[in-house]
Amino acid sequence: MTETPNAGPPTTVPTAPAVPIVPTASPLRTVSVVGPGEGETVLLGTTRMRILEDGGTTGHRLGIAESVIAPHTPGPPQHRHAGHDEGFYIVSGSVRFTVGDEEHDAVAGTLVVVPPGAPHTFANVRDEPAVMLSTFTPDPYVRYFRELRDLHAGSEAVTPEAQLRLMHRYATEPAEAADQIRRATQPRTTRAGDHPTGDTRAREDGEPARRKAGPTA
């Protein structure tokens, strides 16, 4: 008869630690309920924006706005944000998003998420209005739209410099300017025999670059 060896100590499956619950600063937080037609309205040209959440309820972690974009409304030049993520959810109509060289026609039910640093713009190229929900994480960019409204409501004409200063305060810049800075700071590589200047200036792929035409009047 074969004896069964003594069994070792019983094994137990370790349980995952409970997720810690971080107490809030106040046990009673105000719940925000914004009904139809409520919220702060910001008019920006042919676009009517309704600020649904300016960050006051979310500890400034999230801002939300609704935009009604009139037909054939062009968008701003492509730009980049350094300080926040943006989300765009199309409620009705269609919005054309341009991301670099790519175009995306976002119809109702589409979500577009733009991380910091990504070039983008949007426009309504259709014959009917478009309604879009936008999120800003964190929320400070909501204040940009208020300042933009006030800037255009002033008695003086808005200069490109004033527009750029406002964008800069909210860590935003035109995508073209950002690309020019990136190219200027990128090290060049040349091959032996290539002249570093003039028509035979070397590109990164090793082919000589053609001289571009100067600016036109």
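Preceding block: the structure.
Structure report, in brief. Quick caveat, the model's predicted, so the values are computed rather than measured.

Attention now goes to unusual backbone geometry. The amide bond that connects Thr137 to the next residue, Pro138, takes the cis arrangement and shows omega of -5°. Phi is positive for His72, close to 55°, though the residue is something other than glycine. Positive phi outside glycine occurs at Ala171, with the angle close to 55°. Relative to the assigned elements, Ala171 resides in the loop between helix H2 (160–169) and strand E11 (172–174).

Let us now look at the sheet that holds strand E3 (residues 63–69). Taking strand neighbours across the sheet as the criterion, the six strands line up as E1-E2-E3-E10-E5-E8 in an open arrangement whose pairing is antiparallel. Edge positions in the sheet fall to strand E1 (40–44) and strand E8 (111–114), since each of these pairs with one other strand and no more. The sheet shows a mean angle of 20° between the axes of neighbouring strands, direction not considered. The pairing of E1 with strand E2 (residues 47–53) spans five bridges and is antiparallel. Counterpart to Glu40 in the pairing with E2 is Ile51. In the packing of helix H1 (residues 141–153) onto the sheet, contacts are made with E1, E2, E3, strand E5 (85–92) and strand E10 (130–137), and the angle to E1 comes to roughly 55°.

What follows is about the pairing of E10. With seven bridges joining them, E3 and E10 adopt antiparallel strand pairing. In the sheet register, Gly63 faces E10, and the bridge partner there is Phe136.

A separate point is a nonpolar patch on the surface. On the surface, a cluster of nonpolar side chains totalling about 380 Å² of accessible area is made up of Tyr89, Val91, Leu111 and Val113. Along the chain, the position of Leu111 falls in strand E8. The exposure class of Leu111 is exposed, given its relative accessible area of 57%.

This paragraph deals with the sheet that holds strand E7 (residues 102–107). Across the sheet, which stays open at both edges, the three strands sit in the order E7-E6-E9 with antiparallel pairing between neighbours. Pairing within the sheet leaves two strands with one partner each, and these edge strands are E7 and strand E9 (121–123). This sheet shows a mean twist of 25° between the axes of neighbouring strands, independent of strand direction. Where strand E6 (residues 94–99) lies against E7, six bridges are found, and the strand directions are antiparallel.

A separate point is the packing of aromatic side chains. Taken as a whole, this structure holds ten aromatic pairs when the rule is applied. Between Phe88 and Phe97, the aromatic rings sit 5.3 Å apart at their centres with planes inclined by 55°, giving tilted as the arrangement. Where Tyr144 meets Phe145, the ring centres are 5.4 Å apart and the plane angle is 75°; that geometry is what we call edge-to-face. Taking the relative accessible area as the measure of exposure, Phe145 reaches 13% and is therefore buried. Connected via pairs of aromatic rings, a cluster forms that spans Phe136, Tyr141, Tyr144, Phe145 and Tyr170.

Analysis parameters
Residues numbered from 1 in each chain as written. Predicted model: local features only at pLDDT ≥ 70, side-chain atom pairs only at ≥ 80, totals over all residues. Heavy atoms only, no water. Helix = DSSP H or I, 4+ residues; strand = E, 2+ residues; numbered from the N terminus. Pairing = 2+ DSSP bridges. Axes fitted to C-alpha atoms, helices over the stretch in contact; angles between N-to-C directions. Contact = heavy atoms within 4.5 Å. Patch = residues over 30% accessible without salt bridge, like charges linked within 9 Å, V, L, I, M, F, W, Y side chains within 5 Å. Areas by Shrake-Rupley, 256 points an atom, 1.4 Å probe, with all protein chains shown as cover. Salt bridge = Lys/Arg side-chain N within 4 Å of Asp/Glu carboxyl O. Buried < 20%, exposed > 50% of the residue type's maximum accessible area, 1.4 Å probe, protein only. Phe/Tyr/Trp six-rings, centres within 6.5 Å; stacked < 30°, edge-to-face > 60°.

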